[in-house]
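A structural walkthrough
Given next are the chains, with one letter for each unit.
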Amino acid sequence: MFRVFFILLAGLLTLTACSTPTTTIGPDGKPLPKVYRITSGESAKIPFRVLDSINALRQASGLAPVTLDPALNAAAATHSRDMSIQNRPWHFGSDGSSPIDRARRVGYTGEVLGENISESYETELQTLAAWMEQPDTRAIILDPNARRLGFAWFQEPNGKIWWTLVTGT
């Protein structure tokens with residue numbers, strides 16, 4: 001009986017070794033990325049991961065931290081959804097609105113300093129890293145006058161995510 005168990009175990013291990021991998025390999029020989037699906041449980045955590053990451057970057061640069069602002073979050077959410085509807089990442093709304101217009105509409109009374117946008121399948125931290133690689137988007141994140149932050153997204157059924165970050169005083 002003991003011998004039969006070991007023979008079956010060895011056969012199972014052999015079959016497992018022969019199975020095909022679940023990772024799809026792209027033409028460059030690297031694994032293709034998996035679609036990042038934002039679950040309802042993750043939705044509440046994402047803004048705080050971004051906030052913590054941005055404040056760590058700001059602290060490393062000797063800058064004051066920023067806080068999440070509900071009005072700027074609302075303006076960012078509106079724009080993320082609107083970019084999806086327009087199917088293009090740009091700073092103007094389908095109605096011609098600017099980041100300043102959208103912030104005013106939701107009751108933000110401070111000064112809007114800048115807006116970063118992205119159309120991607122990447123996580124929020126991968127998107128933040130990409131913004132930090134470019135001088136113009138990095139300058140918005142590290143603006144010494146920034147004290148408020150709005151951050152939101154819209155994810156399409158195919159997995160594409162439209163990210164929007166807004167900074168203000």
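Residues numbered from 1 in each chain as written. Predicted model: local features only at pLDDT ≥ 70, side-chain atom pairs only at ≥ 80, totals over all residues. Heavy atoms only, no water.

1. Re the sheet that holds strand S3 (residues 148-155)
This is how it is decided: Paired strands, as defined in this entry, are two strands with at least two bridges between them according to DSSP. The secondary structure listing takes helices from DSSP runs of H or I that are at least 4 residues long and strands from runs of E that are at least 2 residues long, numbered from the N terminus. Between two residues, a contact is recorded if the distance between any of their heavy atoms is within 4.5 Å. Axes here refer to lines fitted to C-alpha atoms; in helices the fit is confined to the stretch in contact. Angles between the N-to-C directions go from 0 to 180 degrees.
As summarised here, the arrangement of the four strands in space is S1-S3-S4-S2, forming an open sheet in which the pairing is mixed. Sheet topology places strand S1 (67-68) and strand S2 (112-120) at the edges, where each strand pairs with a single neighbour. Strand direction decides the pairing type here: S1 and S3, joined by two bridges, are parallel. Looking at the pairing, Leu68 lines up with Leu149 of S3. Sitting on the sheet, helix H3 (residues 46-60) touches S1, S3 and strand S4 (161-168), and the angle it makes with S3 is about 135 degrees.

2. A short note on the environment of Val166
Which entries qualify depends on this criterion: Any residue under 20% of the maximum accessible area for its type is buried, any over 50% is exposed, and the rest in between are partly exposed; the area is computed with a 1.4 Å probe on protein chains only.
Its place among the elements puts Val166 in strand S4. Here Val166 falls in the buried class, since its relative accessible area comes to 3%. The sequence separation of Val166 and Ala103 amounts to 63 residues, and the corresponding C-alpha distance is 8.9 Å. Among all residues touching Val166, those that are not within four sequence positions of it are Leu72, Ala76, Val112, Gly114, Glu115, Arg148, Leu149 and Gly150.

3. Some points on helix H6 (residues 124-133)
Short version of the rule: The arc in question is formed by the directions pointing from the helix axis toward the C-beta atoms.
Every buried residue of H6 is listed here: Glu124, Thr127, Leu128, Trp131 and Met132. Seen end-on, H6 carries its buried residues on one side only, within an arc spanning 140 degrees. For H6, the secondary structure elements touched by its buried residues are H3, S2, helix H7 (135-141), S3 and S4.

4. Remarks on the confidence of the model for the protein
To keep it simple, the criterion reads: The predictor attaches a confidence to each residue, called pLDDT, with possible values from 0 through 100.
In the predicted model, the protein carries a mean pLDDT of 88, and the fraction of residues at 70 or more is 85%. Between residues 11-21, whose pLDDT stays under 50, and residues either more than four places distant or in other chains, the model counts zero contacts.

5. Describing the packing of H3 against H6
This is how the line gets drawn: Just so you know how the angles are binned, under 35 degrees is roughly parallel, over 145 roughly antiparallel, 65 to 115 roughly perpendicular, and the rest oblique. Less than a right angle of anticlockwise turn of the near helix away from the far helix marks a crossing as left-handed, whereas a clockwise turn marks it as right-handed. For this classification, the nonpolar set comprises Ala, Val, Leu, Ile, Met, Phe, Trp, Tyr, Cys and Pro, the charged set comprises Asp, Glu, Lys and Arg, and every other residue, Gly included, is treated as polar.
Interaxial distance between H3 and H6 falls to 10 Å at its minimum, and their mutual angle equals 30 degrees. Taken as axis vectors, H3 and H6 run roughly parallel relative to one another. The two elements H3 and H6 cross, and the hand of that crossing is right-handed. Of H6, the residues touching H3 (which contributes Ile46, Arg49, Val50, Ser53, Ile54 and Leu57) are Glu124, Leu125, Leu128 and Met132. The class makeup of the residues in the contact of H3 with H6 is seven nonpolar, one polar and two charged.

6. Describing the packing of aromatic side chains
Convention followed: Any Phe, Tyr or Trp ring, taking Trp's six-membered ring, that has another such ring centre within 6.5 Å forms a pair; planes under 30 degrees apart are called stacked, those over 60 apart edge-to-face, and the others tilted.
Tallied over the entire structure, the rule returns four aromatic pairs. Ring plane angle 20 degrees and centroid distance 5.5 Å describe the contact between Phe151 and Trp163, whose orientation is recorded as stacked. A residue pair is termed long-range when its members are at least 10 positions apart, and Phe151 in strand S3 and Trp163 in strand S4 qualify at twelve residues. Here Phe151 and Trp163 have matching classes, each one buried. Aromatic rings pair up to connect Phe151, Trp153 and Trp163 into one cluster.

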